[in-house]
Amino acid sequence: QVQVVESGGGLVQPGGSLRLACAASGLILSVYDIGWFRQAPGEEREGVSCIIRDGSTYYRDSVKGRFTISRDNAKNTVYLQMDSLKPEDTAVYYCAVRPHKYAGAYWTPSTYNYWGQGTQVTVSS
């Protein structure tokens, strides 16, 4: 049975940092594409970052230069390092997993098969 679990969310002041972790059981993350999505109240879920099987990384424009996605194969975990956080980054953050068979479509939720339960990130003074 596949399980995807996010951790690391919390309350942080503007300009602060958080590191989210996505751990999985029942599959090996390194052979899949892993996406981080977020959803703020009243908003649609949006893709934030993605790391694909070959290690290539992708970011939405609003987080480029501030967020970094990485993978630790030994721990079967993907991380999202978030620096210089802004109030508009406040949302529930989700980790999602999909097979490596799509060309692009990194921000399309329907291409992802497995989702975690989400972790709340709140950026506020």
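The preceding data block contains the structure.
Residues numbered from 1 in each chain as written. Predicted model: local features only at pLDDT ≥ 70, side-chain atom pairs only at ≥ 80, totals over all residues. Heavy atoms only, no water.

A. Structural context of the side chain of Asp33. Structurally, the position occupied by Asp33 is in strand E4 (residues 32-39). Judged by its relative accessible area of 0%, Asp33 falls in the buried class. At 3.2 Å, the side chain of Asp33 and the backbone nitrogen of Arg53 are in polar contact. Leave out the neighbours within four places in its chain, and Asp33 touches Ile51, Ile52, Arg53, Ala96, Val97, Arg98, Pro99, His100 and Tyr112. (Helix = DSSP H or I, 4+ residues; strand = E, 2+ residues; numbered from the N terminus. Buried < 20%, exposed > 50% of the residue type's maximum accessible area, 1.4 Å probe, protein only. Polar contact = N/O pair within 3.5 Å; in protein donor to acceptor, adjacent residues only side chain to side chain. Contact = heavy atoms within 4.5 Å.)

B. Quick peek at the state of the cysteines. Scanning the model with the defined rule gives one disulfide in all. Counting only cysteine sulfurs, Cys95 is the nearest neighbor of Cys50, a cysteine outside any disulfide, at a range of 10 Å. Looking at Cys50, the relative accessible area reads 0%, which means it is buried. (Disulfide = S-S within 2.5 Å.)

C. Spatial organisation of the environment of Thr111. Locating Thr111 in the fold gives a position in the loop between strand E9 (91-99) and strand E10 (114-115). Linking Thr111 and Lys64, residues 47 residues apart in sequence, is a C-alpha distance of 23 Å. Excluding its chain neighbours within four sequence positions, the residues that come into contact with Thr111 are Arg98, Pro99, Tyr102 and Ala105. Within the structure, the side chain of Thr111 is placed 2.9 Å from the side chain of Arg98, a separation counted as a polar contact.

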